[in-house]
Amino acid sequence: MAIHAAAPRRRWRRYGTSYLMLLPFLGLFAGFLVWPLANSLYLSFTKFDGVNAPEFEGLDNFRHLLFDDDRFRHALGNTFLYVVASIGIGTLLSLGLALAFSGSSWPHRIMRTIFFLPSVTSSIALMLLWKWIFAPGDFGLANTVVTWFGGRAVEWLATPGLTIPILVLMSVWGGMGYGMVLYVAGLNTIPQEYYEAARIDGAGTWQQFRRVTLPLLRPVTTYVVVTGLIGAFQVFEAVYIVFRGTNNIGGVLDSGLMIVPYLYDQGFTHFKLGYASAIAWVLFLIIFALSMVNLRIGRALKEL
Amino acid sequence: MRRTTAATCAALIAALGAGCATSGTSETKQADAGAPAAITWWSTGGDDESAAFQKAADLYSKTHPNVTIKVQTLAWDDAYAKLLAASTSRSGPDIISGGMTWTIQFGLRGGMVDLRKYGVEQLRAQAQPAQWKSAVSPDGTIYGIPLDMSTEALYYRTDLLDKAGIKEPPKTWEELTADIGKLKKSGVKTPFGIDWGNLDWIGYFNFLYQAGGTFYTPDCKPSLNTPQAERALSYWIDLHRRHGAPTDTVATPDALGTGTAMVYGGNWNALGIDTSKPELKGKWAIAPLPAGPAAPTTFIGGRAVGVTSYSEHIQQAADFVKFLYTDEAVDAVAAESKARNIAYIPPRPDKVADSPFTPEHSAVFAEIIKTGAAAPGCPGWDESASDVAKQFQAAILGKADVKTALAEAAKVMERNAG
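None of the values given here were measured: they were computed from a predicted structure.

Asker: Even after reading the chapter, I still don't get the overall build of chain A, so can you show me in this structure?
Answerer: Along the backbone of chain A there are 13 helices and two strands. Computed over C-alpha atoms, the radius of gyration of chain A comes to 25 Å, more than 25% over the 19 Å expected from 2.2 N^0.38 for 304 residues, which places it beyond the range of a compact globule. Here the C-alpha coordinates of chain A stretch approximately 85 × 60 × 35 Å along the principal axes. Within chain A, the fraction of its 304 residues that count as buried is 45%. For chain A, the computed accessible surface area is about 16,500 Å², with 70% contributed by carbon and sulfur atoms. Between the mean site of the 22 positive side-chain charges and the mean site of the 16 negative ones, chain A shows a separation of 15 Å.

Asker: Hey, could you run me through the overall build of chain B in this one?
Answerer: Within chain B one finds 16 helices and eleven strands. Expected size for 418 residues packed as a compact globule is a radius of gyration near 22 Å; at 22 Å, chain B falls within 12% of this value. Summarising its shape, the C-alpha atoms of chain B cover approximately 70 × 50 × 45 Å along the three principal directions. Classification of the 418 residues of chain B by burial places 59% in the buried group. Counted over contacts in chain B with a minimum sequence separation of 6, partners at least 24 positions apart contribute 77%.

Asker: I'm lost on the state of the cysteines in this one. Help?
Answerer: By definition, a disulfide links two cysteine residues through a covalent bond between their sulfur atoms. Residues and elements named next belong to chain B. Counting across every chain of the model gives one disulfide over all chains. Through a disulfide, C220 is tied to C378; the S-S separation comes to 2.1 Å. One disulfide, between C220 and C378, carries an S-S torsion of -85° and so falls in the left-handed class. Residue C220 is found in the loop between α8 (201-210) and α9 (227-241), and its partner C378 is found in the loop between β11 (373-374) and α15 (381-396); the two are separated by 158 residues along the sequence. Summarising the burial analysis for this pair, C220 and C378 share the class buried.

Asker: I would appreciate a short explanation of the pattern of salt bridges in the present structure.
Answerer: Oppositely charged side chains may form a pair once their charged atoms are brought near each other. Counted under the stated rule, the structure contains 25 salt bridges over all chains. Between R157(B) and D159(B) there is a salt bridge, and its shortest N-O distance comes to 3.0 Å. Residue R157(B) is classed as buried on the basis of its relative accessible area of 10%. Classification of D159(B) by relative accessible area gives partly exposed; the value is 25%. For D254(B), the salt bridge goes to K277(B), with nearest N and O atoms at 3.0 Å. Residue D254(B) is located in helix α10 (residues 252-257), and its partner K277(B) is located in the loop between α11 (269-276) and β8 (284-287); the two are separated by 23 residues in the primary sequence. Among the residues examined, D254(B) registers a relative accessible area of 25% and is labelled partly exposed. Under the relative-accessibility criterion, K277(B) is labelled buried at 17%. Salt bridges linked by common partners bring R71(A), D254(A), D265(A), D387(B) and K390(B) together as one network.

Asker: Would you mind showing me how to read the sheet that holds strand β2 (residues 67-74) of chain B here?
Answerer: Hydrogen bonds along the backbone pair up the strands of a sheet, which may run parallel or antiparallel. Residues and elements named next belong to chain B. Strands sit in the order β2-β1-β3-β10-β4 across an open sheet of five strands; the sheet is mixed. Lying at the two open borders of the sheet, with one neighbouring strand each, are β2 and β4 (145-146). Pairing analysis gives two bridges linking β4 to strand β10 (residues 303-307), with the strands arranged antiparallel. Bridge assignment links I145 to a residue of β10, and that residue is V305. Those strands touched by helix α2 (residues 47-63) are β1 (37-44), β2 and β10, and its axis lies near 170° from that of β2.

Asker: Even after reading the chapter, I still don't get the environment of D77(B), so can you show me in this structure?
Answerer: With respect to the helices and strands, the residue D77(B) is situated in helix α3 (residues 76-89). For D77(B), a relative accessible area of 46% corresponds to the partly exposed category. For D77(B) and P346(B), which are 269 residues apart along the polypeptide, the C-alpha to C-alpha distance reads 23 Å. Among residues more than four places away in sequence, those in contact with D77(B) are Y240(A), R244(A) and Y264(A).

Asker: Which parts of the structure should I look at to understand the packing of helix α8 (residues 192-200) of chain A against helix α9 (residues 205-216) of chain A?
Answerer: Helix packing geometry: the angle between the two helix axes and the distance between the axes. Residues and elements named next belong to chain A. Here α8 crosses α9 at 155°, and the two axes come no closer than 10 Å. Between α8 and α9, the crossing angle belongs to the class labelled roughly antiparallel. Helix-helix and strand crossings are classified by hand; for α8 and α9 the assignment is right-handed. Judged by residue contacts, Y194, Y195, A198 and R199 of α8 engage Q208, V212, T213 and L216 from α9. Residue composition of the contact of α8 with α9, by class: five nonpolar, two polar and one charged.

Asker: What should I look at first to understand the packing of helix α3 (residues 70-100) of chain A against helix α12 (residues 259-269) of chain A in this one?
Answerer: Residue and element names in this part refer to chain A. Put simply, α3 and α12 touch, their axes get as near as 8 Å, and they point 150° apart. With respect to their mutual orientation, α3 and α12 come out roughly antiparallel. Contacts between α3 and α12 involve R71, F72, A75, L76 and T79 from the former and I259, Y262, D265 and Q266 from the latter. Counted by class, the contact of α3 with α12 contains five nonpolar, two polar and two charged residues.

Asker: Help me understand the UniProt feature "transmembrane region" (unreviewed entry) in chain A, please; the structure alone is not making it clear to me.
Answerer: Residue and element names in this part refer to chain A. Within the UniProt annotation, "transmembrane region" (unreviewed entry) is assigned to residues 19-38, 80-101, 113-133, 162-185, 220-243 and 273-295. Secondary structure within residues 162-185 divides into 100% helix and 0% strand; the distance between the first and last C-alpha atoms comes to 35 Å. For residues 273-295, helix accounts for 100% and strand for 0%, while the C-alpha atoms at its two ends are 33 Å apart.

Asker: What's the story with a positive patch on the surface in this structure? I'm lost.
Answerer: Taken together, the side chains of R9(A), R10(A), R13(A) and R14(A) make up a positively charged region of the molecular surface. Among the structural elements, R13(A) can be located in helix α1 (residues 2-43).

Asker: Looking at this structure, how should I read the nonpolar core?
Answerer: In a soluble, globular protein the nonpolar side chains are often hidden away together inside. Counting 86 residues, the largest nonpolar core has F72(A), Y82(A), L167(A), M170(A), F233(A), I279(A) and F106(B) as its most contacted members. Examining the composition of this core, we find that eleven residues originate from one element, helix α7 (residues 160-188) of chain A, more than from any other. Of all hydrophobic cores here, the second largest spans 60 residues; its members include Y156(B), F207(B), A287(B) and A373(B).

Asker: I keep staring at α9(B) and nothing clicks. Help me out?
Answerer: What sets the pattern is the α-helix's 3.6 residues per turn: residues three or four places apart point alike. Residues and elements named next belong to chain B. Counted at 1.5 Å a residue, the expected span for α9 with its 15 residues is 21 Å, and the 21 Å between its end C-alpha atoms agrees. A229, A232, L233, Y235, W236, I237, L239 and H240 are the residues of α9 that are buried. Here the buried face of α9 lies against α7 (173-185), β6 (192-194), α8, α15 and α16 (402-417).

Asker: How should the side chain of Q391(B) be read in this particular structure?
Answerer: Of note, Q391(B) is situated in helix α15. Setting aside residues up to four positions removed in sequence, Q391(B) forms contacts with A405(B), E408(B) and A409(B).

Asker: Would you take a moment to explain the pairing of β1(B) for this structure?
Answerer: The side chains of a regular strand alternate between both faces of the sheet. All names here are of chain B. Most of β1 sits out of view: six of its eight residues are buried. Here β1 runs beside β2; their pairing, made up of eight bridges, is parallel. By the bridge assignment for β2, A37 is matched with V67. Handedness of the β-α-β unit built from β1, α2 and β2 comes out right-handed.

Asker: Sorry, what's going on with the side chain of D387(B) here?
Answerer: Mapped onto the secondary structure, D387(B) falls in helix α15. One polar contact links D387(B) to R71(A), side chain to side chain, over a distance of 3.3 Å. Beyond its immediate stretch of four places on either side in the chain, D387(B) contacts R71(A) and V412(B).

Quick notes on the rules
- Residues numbered from 1 in each chain as written.
- Chains lettered and ligands numbered in written order.
- Predicted model: local features only at pLDDT ≥ 70, side-chain atom pairs only at ≥ 80, totals over all residues.
- Heavy atoms only, no water.
- Helix = DSSP H or I, 4+ residues; strand = E, 2+ residues; numbered from the N terminus.
- Rg over C-alpha atoms; globule rule 2.2 N^0.38 Å.
- Buried < 20%, exposed > 50% of the residue type's maximum accessible area, 1.4 Å probe, protein only.
- Areas by Shrake-Rupley, 256 points an atom, 1.4 Å probe, with all protein chains shown as cover.
- Lys, Arg positive; Asp, Glu negative; His and termini not counted.
- Charge placed at Lys NZ, Arg CZ, Asp CG, Glu CD.
- Contact = heavy atoms within 4.5 Å.
- Disulfide = S-S within 2.5 Å.
- Salt bridge = Lys/Arg side-chain N within 4 Å of Asp/Glu carboxyl O.
- Pairing = 2+ DSSP bridges.
- Axes fitted to C-alpha atoms, helices over the stretch in contact; angles between N-to-C directions.
- Parallel < 35°, antiparallel > 145°, perpendicular 65-115°, else oblique.
- Left-handed = near helix turned anticlockwise from the far one by under 90°.
- Nonpolar A, V, L, I, M, F, W, Y, C, P; charged D, E, K, R; others polar.
- UniProt positions renumbered as here; feature names shortened; annotations may be inferred.
- Patch = residues over 30% accessible without salt bridge, like charges linked within 9 Å, V, L, I, M, F, W, Y side chains within 5 Å.
- Core = buried A, V, L, I, M, F, W, Y, C linked by side-chain atoms within 4.5 Å.
- Expected span 1.5 Å × (residues − 1).
- Right-handed = clockwise from strand over helix to strand, strands pointing away.
- Polar contact = N/O pair within 3.5 Å; in protein donor to acceptor, adjacent residues only side chain to side chain.

This is the structure we're talking about:
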């Protein structure tokens, strides 16, 4: 009996302060993450206009979203196109940059810093810059360059066909420095002996890259692709800032409408907060499923 | 990762606001009318504008020593969401001001006070009739009243028009297109552009009302299936496709500065051009928009101001909102606006001549406002506006014909009116 009573007390004496110190974090975590998440899940089953009490509607929001909502489908299509293009090109360029500037010499460090800069700059400021670059008429940077080569000024932000390419360009430019740094770290963990051994076996540069570098970089690639994927699916500022000036959210003819801007549009300009929550959960499920697939592929390749 | 943060924030705001709302919409306890009242006013706009409105607030406090009013600025970009969150949690400012139809939107959801109970109807005689109508809900409830006005004018380069042999700015649609032709002949690359609402419903608004059409009938039925609406849309499309108006938006000062001869732009541009483009000094002027086949009409926008239903000092706040229409309040705001060089047009047409613009510009605005029309205060309009604009874009970009675009737009309006 005495032993049983003493055990928790001893445990408390031992770990008590640790738990106490964890409390503020746990409080914040529960209050600002767990609770809002649970609430948003609840709201996704309701009709809620932000002011009147939510009305429970079951799966109606999801049904409407998946089967009746053309704008959502359009947003989904745009987002997939954007994600595939920006992740594909972005990852390739990150790797290319890492291979080019992986050394520890000054020029390499300076180049790495330059390419990494967009990742630490305020994205709002970057987006405003892009907006100026693609300004219409004769005074945007892009048009100035076009006219140097004798071209006619382009209405970049008001041409639906250019919206996704511009978004991809902005994303790749802004994100490749981040991927590059991760790849550089990955490259530096590959022991030089492997390359020496490969060379002795008669492998050329391309074979060394294909048979040694790429496989050993697989964990980095998985990380870069998965985090990039999550970020790209949630693209918001680029659409909101760069294209809203030209028109309401989504750009001309919704050519740049993505899932999160659409969520914002439904929630904060149409007051459909229940519906917006449903969109958020669909987005979560998509990202979750794709990340799982990605990790599975990574693991499967490792086992080969 | 940064992108994730923004999205998370948006989601958090939504979720937090939602959680607070479940507490329901109970009546807020009213403080004693005689007790000291500290009133806050969330003003959508810039800091300079808040400072100008603060002058009126300070004047009010002089005669009502018990009441202090603090004007706080909300930036346009996130004002709507913040006001929604305040409305949801039923805690926040006593007075709000923002987009012309916002007070109706919040009011219909129980977030605003019906100001008729506090005698604002007597202000109707002083206000611009169309603008007043647009602030009033279809059922007659007044959740907010106009706080200021914004309108649109034809900005033109006098030197370029002279060179093309055009003596005075175009007064009708026909003259406008004829002048565009003359300007092109004289070597002007971009004779015409639209700054405000280039591919948006505000841009179409002017042509629609000038052609004698409207978005809704007086009893709020969508009315875009009319010959007037078709004529207006066809003319607007021609301006873009046949007469080379850019589809992308160029701010008025930049457009004039880079050689666009005529621009439809908002009244606020009139204050900034001489300072931002000194080389244009003396080479530009403004005039009312060219009239359409039906009438000379111009879009009138602006902000509405109203009292929140969860305020503890509704009585005092409503009294102050009424005070904003007095001569002394309007004059105080105008004087401060002039000192800060901000574009303020008072909500009272008889006071427009004293607005912070040059006397010539003020005279033009005063004339425009006489025939001005305001956005429909019909239910569902705010929700429809962006989808309606997409239909116009489809027509301008050649993806839909005029009739189909208008029919689709009307369908959207009908659906949201429900």
